[in-house]
Structure formats: C-alpha cells, structure tokens
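For reference, the chains in residue letters:
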Amino acid sequence: MRNYLQKLKAFAIVSVLMVVSIASAFAQGREASGTVLDATLRDPLPGVTVLVKGTTRGTTTDLDGKFKLDLQPGDATLVFSFVGFTPQEVAIGNQSVFNIELAEDIQSLQEAVVIGYGTQDKKEITSAVTSVGTEQFNRGNFPNPTQLLQGKVAGLSVTRAGGNPNSQPTLRLRGISSFGANQSPLIVLDGVIGASIDAVDPNDIESFDVLKDASAAAIYGTRGSAGVILITTKKGSSKKGGANVTINTFGAAEVATNLIPILSPEEFVARGGIDYGSRTDWRDEVTQTALNGTVNASVSGGFDNTNYLASVNYRNNDGIVKGTNRETLNTRFNLNHGLLQNRLRMNMSLAYTQTSTEDVNGEAVRYATIYNPTAPIFERDFTPAGEETAAARELRLRNANRDFGGYFQRPLFDYFNPVALINQQKFTNDIKSAIYSYRLEYDLSDKFTIATQFSEDRLTVNSTSFFSFQDFNNGFGRSGSAGQDLFNRTTSIWNGTIRFQDEIFDKMDFTFLGGAETQIFNENGFNASSSRFLFDQGANNLGAGGLRFGPGTGMGSFATRAVLNSLFGRANFNYNNTYFFSASVRSETYSGFGKENQTGIFPAVTAGADLTQVLDMGPFSQFKPRASFGIVGQLPPSPTLALGIFGNGNRIPLNLAEPINSVFVGVNQLQNPNPQLKWETTQELNFGLDYALFNGKITGTMDYWRRNISDLLFNTQVPIGAPNEFDPGNFYTAPSIWANIADLSSAGFEFLLNVNNVKLGMVTWNPSANFTIYRRTTIDRIGVGSISLPEIRQATPGAPGQNNNEIVWNRVGEEIGNFYGPKFLGLTENGEYILSTERPEEFENLGNGLPTADFGFSNSFSYKNWDLNFLLRGSVGHLIYNSFRGFYENADAASNTWNSVVTKNTPISPLVTSTPTFSDLYLERGDFVRLDNLQLGYNLPVKSAAISNFRLYAGVQNLFTITQFSGVDPEVRWTDGGNALAPGIERRNTYFVPRTWTAGLTFTLK
C-alpha cells in the first residue's frame, strides 16, 4: 500500500495529453508489438500491463516501454494499464503495431490524502479534510504559496488587503480561533511542523491538504488549534534512467487600480485650500508600472529505488509604489532512496531561501492621496505670492536644501511631502530561511513499520530602518536616525513512530500509529539605534550617531527557550470499505505554562459510513455521512507568560558628583507571575457529508461545525497592590498579567461542489464552487476570579482628534468585531452633523467588521491544445470603516490643509463643516466579487526528441472587482495590525491595489 501511494504522489506532476496511433493490417496468428509512452513527458513506461481483454494472456513492457504479444483469432481488444495512469482499451482490428500514450489518472492520484504523520485513503477520511493538487492551484504571480489556495477551500480565508509585495496574507480557517494567541493555521512542510512559509516556492508545491476541524488537527495537539495546512513538495520520478529538466519563466507588469477620487487642484482651492501655485498629481509621482520576473528551473529523475528533484526559483517583485521591492532566491533538494528490497526507505529534504525586501513608510501612500495638489515636489518650483527678492529666494532655497534636501515642506500638522518620504526613508529586511529534514522508514514485517524523522528550521531576519537627517517626518528634529534589528529562531523536532496495519478479522482493516516527539524552540534577538548624524550613512554605521539615548535611539537583546514533549497515538478501522472509525489522542507537556498546568491531553474521535455500499442510493455513487469531535490546545504567544517578567527601567546616576561613572539601569517589573496559566482549549464538533453522483461526474462535501474555545489566553490590566489571586500570598506588583479569562463560541457551514468533464461540444469544462457561511465568533465570557471585563474596546481611528475614541466594542454575549457609535441622521443647513447622540453610553451597535460568508467559483476549460482557467471570489456581510472618508471628507477649517476624497457618499451641498467624528456615515458594506485570476494557455505540439512539452500562457490578476465600497480595497480585514479584536478597519496607509498582467512559458527537456 505504501509503495503504491508513493508512486501515485510521484506521478502527480504530469498533466494529461493523449494521442492514439494508427497501425497496419491484421492477420490470423500474428504478433502485436509496440511502445507505451507517458502522454506528457513522452518517456517510455516500463512495467505497463498489456492484456487481451477477456483473457489472462498478456505481457509487460520492458525498460524501453516496448512489448510483444502473440495474438489469436477472435482477439478484439488490448487493455493497457499502469499504476497512476488511466487504463486504455484499443481495438485490435487490422493493426499489428500499437504505439500507445497513457495519460495520468489525476482522480486516482488524489485518493491518497496526507494527514498527520502519514497518509490515508480518501474514502476512509471521516474528518473535515480538503486536498488541493497542482491542477487546482490559482494561476498567476504569487510570492506567497498560500495564495495558491485563495478561494479554493471552503472555510479557509486567504486575504491580503492592498498590494504591497512585502505584506503577508492573513490566513483564517473557520474564522476566529483566538484573540490572545496564535490565529493562523499551522504549516507542516513535508512533515516539518511549523515550518517557515518562506522556505518553499509556489513552483515546488505538489499539493495542499487542509485539516479543518479539531478531530483532524488533534494529532498535532496544541500547535494545530487554528487548523493545519500540510504542504507536500514535488518529488522525482520513480522511473529508471534519465532526467527531466523543467523551466518555467514569466514576466509580469503591475499597474495601480481603484485610486480614490479626490478634489482637483481647482476644486481644492475653491473649497478653501491654500494655493501654492503648482499642479501635482501626487499619486502619479509615487506610483510606477512595476515590471517583475520569475524563473523556476528543476531537475528530476530516478534510477533503481532512488528518485530526486533539485530546483532553483528566483522571483523579483517591484511594488507599484516606488521604493518597494521583494527579491527571493529559493533552492530545494529532495532525495528518496530504498534499500533492502525497499524495506528500508530514506528521505532527505533540504531547502534554503533568501529574501531581500525594500519598503517605504506606509504614510507615503496616505499623503499621496491627501497632500495639497497645488504644492510642488521641490522648493525650487514654488513661487510665493507677491514679490520675492533674489536674495530672499536664494536664502529660502539654501535653507530648503540644507534642511529638507530641496523638497517642498511646510511646518503644518500631519503634513509631509510623499515623494520626500519615499526618498529620504528606507526600510529593509534580509530574510534567510533554511530547513533540513531526514527521515528513515523500515518495514519490520509486512505489518509493522517503524520510522523516525529529524528536522531543523532556521530563520534569521535582519531589519534596518533609516531616516535621513533631512527627513522632515522623523529625522529632521533628530538630525537623522537609523537602527538595526536581528532576530533568530531555530526549531528542532525529532519524532519516532511505529505503524501496524493488518486485517484483524474478516473485512476489518486496522491501522495503528503510535509515536513520541520533542520540539525545542530557541529564539534570540538584538536591536540598536542611534540618532544625530553629520551625514547620511544608512543603517550600517550606527556608531556615527551622536546620540545613543533618548528618542530615536535604543539598544536591547533577548533570548528564550521552550520545550514541547508529546506522546500520541491513532487507530483507524475500515470495515468492508463501508464503515470507518478513527480515534486519536495526544498528550503534551510544555515548559511555558504554570508549573501545575504544563501537561494537556487532546483526544479526537471520528466515524462515517458510505451508504452506497449497503443501499441503493439511485444516482449517488458515494454518500458518506460522517461525524467527528476533537479537542486541541493552544500554545501561548511567548514561553514566558507564566513568569513575572522584569524589564529595563531608567538610567539612574547613583552619585550625582559622578553622573557618568555611577550610572546604572534600573529594573521595572512588566508582568505579574501566573503559576496557574494553562492551555487555551478548543472543542469542535463536525457533521459532514462526502457525496458523488453519476459515477463521479459530480463530487463534493458539506460540513457543519460548532466550536467552543475555553480558557482563552489574554493579557489584562490589574490593580497594583491588590492580592494576586493566581499566586496566593503575593500581590500584584505590575500593571498586567496573562490569564485564562475568556470563552468563545462559533459555528459555520461549508459546501463544495465539483463537476467533472462537462462536454460543451469539443470543449471540456470543469467547474468548482465552494462557499462558507459563518456564525461569527461570540464572546461567552470575559473574566476570571475578581477580574471582570464586560467589554474590551479597541480601534481608535487616530489623529487628528480621534485618538481616544475606540470604535470596536467587544462585549460579553455579543460577536467579536461590533462597531459602536452614533447614527448619522443628516446635516444642518450649515453642514454640521446631526447625530443620534453624543453620549458614549448611548452609542448603538452599528454592525460588524467580519464576514458572514465567503465563496469561490473556479473554472477550467480545455479545447484541443488550449486551456483557460479563472477564479471568481468574494465575501459578504462585513462592514469596513473607511478612514479616508472618516478624516478627509469634511471641509471644516482644520481639514482644509488636506485634500478631500470624493465618493458617491460625499455630501456636496452643503459641505460638511463639522470636525471629523466617527458615526455609521463612514461604515460601508464591504461585499465584493472579484475576478482574482484568469489565465489562457496553449500547449505546442512537440516532435523534438529533446523537448517533451512546451507551453505558452498569459493571464491577469484582479481584472475587476464589483463592490459598493468606496475605499481602497473591500477585502476582509480580520485584524487591525494583528489585533483580532479590531477587525474591519481600512487604515489610511493601505497600499494601492495592483492589476497584474503576466506572460510566460514552460518547457521540459528530456
């Protein structure tokens, strides 16, 4: 079974092309001969079974794919079959020579589903697991691998507001799973738990398997609390001899879209803005058409019991905002080898990725929209009103060159030249990620297999920041500043497993997996910054800064270590391929919890039955209801939360007569100890149905889930001096403590429908649709012991004037993410707000920032050598606070400094003269439908002995978006700067959304 599944995975990299041959005359008692080839690679297929249909007479192909077979009178059909390929029947007729090309059986390849610490036949799966293979991936320019899944998996939300190439997507599986700890699914890369997503390039991925419910994730214990995404990379071919070299390269052009309408210079002046005499399109000045390129090269092959794959990937992504760039070089090597008649199997996987990023201050995007459109870029292009002497002009320009590098700047609040921000500030990251993994498997017998795997994941991030001494935004008052941050993380994992598989009695197949695992987490970091530079020297000479203490300066370092030890087991039962049952349990001990609560136990149980095996279900060829229940834990965001944490305080001179030699750094307690801190626990119940109709013509799944999260981890304020109820006998000596203070609950429904091989004349259509309906996460409790928090308010809009006005209130008994504020009733004749109330205690629930539903509609068309793929995706039910309107729609005197946004919601007459204040006027529906990606491809007929396939393709991403939202991007905001209690906020620094055009080619050399 294991070798069979390995072959299925290995052959999954080949797509379908079929050519049927014509041969010569039939004669009684003659010989049939021919060659069998791989339909795509055009390589010979050894070991193919060739049978005369209806008989046992047959043969197999040799190493060159050739065969010979004696025919007898009456023989009518030859059947060609091989594991992982679609069987083919050929009428004998008058032919004697049969040159056959077998196409890969994509559907059978997907029968093996990767689960925790192994694989399982798809028919046996009774928890909520979704598999997505290469053929179903999104097509386009995706720097992050998880974007291949966007819109493809019901219940999985992959979002990225704006289009900054350096921003990472937000992943949420079945909504919010926590708000004090980890909220993103666990990534498992080729068995490496918690691997850096930067360690794999999208080109190297073979498949994703998404474990959605707690029963599927429970085998990973605490690290799977938010779901699990298993990534399997491509492996080499198991066929003997030769090697294939595949090249995939494409170029992309990105242009900015959906720029918010603003007042023209003339309208701005007429509204009361200052006229500086120029006409500047600031967004045109800060944006560019970004030209990007990607190259992927891989070498794969195999011999005897060995297969290998080596790949190199290079990506260069400029952003549509000048000064932003992401450049990545990724290398990978996978080697599999079998010994002792393949009873001993060894695997080695090595990956190294280096990414260099350049970024700009996000506020440059904001000021490009709202900076005075009559202001020039440079001071030299400004002519003051009235007369100016030559001497006065020379002095003004000399001062501007000295102070601001010649840029036009004015000492107004919140007012900075966006071109200067881009050119006088610089932010970089140098990211190095390395993963190496070694695995051994040995078959003790036909029933017992032992395995061990060791892996290490190393991540190093070196970040720099630089503010020119002429930078008006940050460096001007400090004569420049610069800093560096270094972060290192090493995760070492060792596990050992034993697997038993047998038919324990008639028709009852039983599989047991038991194992132990230890995970060691080491992190350390260092940061330093200084200010007051004579010259701009960047961030690589911090010693040139004259100030080492005070604003814009600092120095610090840290190191942490934690250990997670685990024992786990899983039993699977399969009775007659009809009834399925599975149970698992994992026990974990983590050093980062209170000493009395370091061990947790996380069980799961699932059951299902394919009723078509025992009942006549009419058109249904599969009807498998299933149910599952599981419990998973949650690791804290830091291994030190149970401890009383002390930090550095002020510099204190102990002897005023020697203010330098007697200076020491004082100590401040930052956090109270909590020896009772324990796991955050998620319990999830899932009811599902796997179905297929008309012999697999239509397939899909349905799932309903309910989730309860208890003892949620959160950092809460406490009164200094009061008794510490978590540490009896002691008192609170710091203003905060981490505690298990909250309970949450949520539910949802997921639906997936695939229609396979719909014939539209000569066109084959494969549509797939999925949607998810959420019952948003509700807060059932906030508080523990004497700590009672009836609500947690978050999300202040910001300056000017709205720094103390939280607009998202999270209350017990209500959903996370509710907006609270007054309702907008209209305007007075003078353009002043008419609000329902100005008293916060009377504010109303105005709606929620989280979606009620997500959906995706994928389509694949093929016609001869042509193929067309596209994805429509969207979300509904979420509100978004449009901060551009919330600050720059009004025409009060204080707002005349900035340009105004113009939307269909903007009151034109009378002008809004009130100071900007939050109300439901600035909440907009975020519902949208987006054509996320579209690609057209053509496979050239290839007759070359050296080239097995040659494909050309072109596509576009973000072709259009249908929405009523008037901001930058209607995409769901699950968090606000990582804060899960403040969803639905579009900040003013949201990066512009690009439209991306791509063209590329793929070819394989034999």
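Reading the values: rules and limits
- Residues numbered from 1 in each chain as written.
- Predicted model: local features only at pLDDT ≥ 70, side-chain atom pairs only at ≥ 80, totals over all residues.
- Heavy atoms only, no water.
- Helix = DSSP H or I, 4+ residues; strand = E, 2+ residues; numbered from the N terminus.
- Rg over C-alpha atoms; globule rule 2.2 N^0.38 Å.
- Buried < 20%, exposed > 50% of the residue type's maximum accessible area, 1.4 Å probe, protein only.
- Contact = heavy atoms within 4.5 Å.
- Pairing = 2+ DSSP bridges.
- Axes fitted to C-alpha atoms, helices over the stretch in contact; angles between N-to-C directions.
- Phe/Tyr/Trp six-rings, centres within 6.5 Å; stacked < 30°, edge-to-face > 60°.
- Lys NZ or Arg CZ within 6 Å of the ring centre and 35° of its normal.
- Patch = residues over 30% accessible without salt bridge, like charges linked within 9 Å, V, L, I, M, F, W, Y side chains within 5 Å.
- Areas by Shrake-Rupley, 256 points an atom, 1.4 Å probe, with all protein chains shown as cover.
- Salt bridge = Lys/Arg side-chain N within 4 Å of Asp/Glu carboxyl O.
- Core = buried A, V, L, I, M, F, W, Y, C linked by side-chain atoms within 4.5 Å.

### Describing the overall build of the protein
A count of helices and strands for the protein gives nine helices and 52 strands. Its C-alpha atoms give the protein a radius of gyration of 32 Å, within 12% of the compact-globule value 30 Å for 1006 residues. Dimensions of the protein, computed from C-alpha atoms along their principal axes, come out at roughly 110 × 70 × 60 Å. The 1006 residues of the protein split such that 54% are buried. Looking at the protein alone, contacts between residues at least 24 apart form 72% of all its contacts between residues at least 6 apart.

### Some details on the pairing of strand 5 (residues 77-81)
When you tally the buried positions in strand 5, you get four out of five residues, the bulk of the element. With four bridges connecting them, strand 2 (residues 49-52) and strand 5 associate as antiparallel partners. Each bridged residue has a counterpart across the sheet, and for Val-52 the counterpart in strand 5 is Leu-78. Bridging between strand 5 and strand 6 (residues 88-91) involves four bridges; their strand directions are antiparallel. Across the sheet, residue Leu-78 finds its bridge partner in strand 6, namely Val-90.

### Topic: the sheet that holds strand 40 (residues 818-821)
Judged by pairing direction, the sheet is antiparallel, and its four strands sit side by side in the order 38-39-40-43 without closing on themselves. Sheet topology places strand 38 (791-794) and strand 43 (844-848) at the edges, where each strand pairs with a single neighbour. For this sheet the average axis-to-axis angle between neighbouring strands, irrespective of direction, equals 40°. Sheet topology note: the strand 38/strand 39 (residues 808-811) ladder contains four bridges and is antiparallel. Across the sheet, residue Ile-792 finds its bridge partner in strand 39, namely Asn-810.

### Observations regarding the packing of aromatic side chains
Scanning the model with the defined rule gives 40 aromatic pairs in all. Judged by centre distance (6.1 Å) and plane angle (55°), the rings of Phe-500 and Phe-510 are tilted. With Phe-500 in strand 24 (residues 481-505) and Phe-510 in strand 25 (residues 508-531), this residue pair connects regions lying ten residues apart in the sequence. Counting every residue linked through ring pairs, the aromatic cluster contains Phe-448, Phe-500, Phe-510, Phe-573 and Phe-581. In this arrangement the basic side chain of Arg-707 is found over the ring face of Trp-705, its NZ or CZ atom lying 5.3 Å from the centre. The aromatic ring of Tyr-820 is capped on one face by Arg-811, whose charged end is 4.6 Å from the ring centroid.

### Description of a nonpolar patch on the surface
Together, Ile-504, Phe-505, Tyr-575, Tyr-579, Val-614 and Leu-615 make up a nonpolar patch on the protein surface, roughly 540 Å² of accessible area in all. Since its relative accessible area comes to 43%, Val-614 is described here as partly exposed.

### Considerations on the sheet that holds strand 51 (residues 985-986)
Taken in spatial order, the three strands of this open sheet run 47-46-51, and their pairing is mixed. Because the sheet does not close on itself, it has two edges, and the strands there are strand 47 (923-925) and strand 51.

### Focus: the side chain of Arg-332
Here Arg-332 shows up in strand 20 (residues 325-339). Its relative accessible area of 4% is what places Arg-332 among the buried residues.

### Considerations on unusual backbone geometry
Each neighbour pair has its own omega, and for Ala-799 with Pro-800 the value is 5°, a cis peptide bond. Checked against the element boundaries, Pro-800 lands in the loop between strand 38 and strand 39. The phi dihedral of Gln-341 falls on the positive side, at around 55°, and the residue is not glycine. As for its placement among the helices and strands, Gln-341 is situated in the loop between strand 20 and strand 21 (344-359). Take Gln-341: its relative accessible area is 78%, and that puts it in the exposed class. Phi is positive for Lys-864, close to 50°, though the residue is something other than glycine. With respect to the helices and strands, Lys-864 occurs in the loop between strand 44 (853-863) and strand 45 (866-876). Lys-864 sits in the exposed class, given a relative accessible area of 60%.

### Regarding the pattern of salt bridges
Oppositely charged side chains can form a pair if their charged atoms are brought close together. Tallied over the full model, the rule gives 47 salt bridges. A salt bridge links Lys-432 to Asp-430; its shortest N-O distance comes to 2.6 Å. You can call Lys-432 partly exposed: its relative accessible area is 30%. For Arg-626, the salt bridge is made with Asp-690, and the minimal N-O distance between the two is 2.9 Å. On the criterion of sequence distance, the pair formed by Arg-626 in strand 29 (residues 620-632) and Asp-690 in strand 32 (residues 681-693) is long-range, its members being 64 residues apart. Like Arg-626, the residue Asp-690 is buried in the burial classification. Among the charged side chains, a salt-bridge network with shared partners connects Arg-174, Lys-212, Glu-684, Arg-707 and Glu-750.

### Some thoughts on the nonpolar core
Ile-807, Phe-819 and Tyr-881 are the most contacted members of the largest nonpolar core, which has 51 residues in total. At the level of secondary structure, the elements contributing two or more residues to this core comprise helix 5 (282-286), helix 6 (363-370), helix 8 (418-424), strand 46 (879-882) and helix 9 (883-888). Residue contributions to this core peak at five residues, all from helix 6. Counting 25 residues, the second-largest nonpolar core is a separate cluster that includes Phe-714, Leu-744, Tyr-774 and Ile-792.

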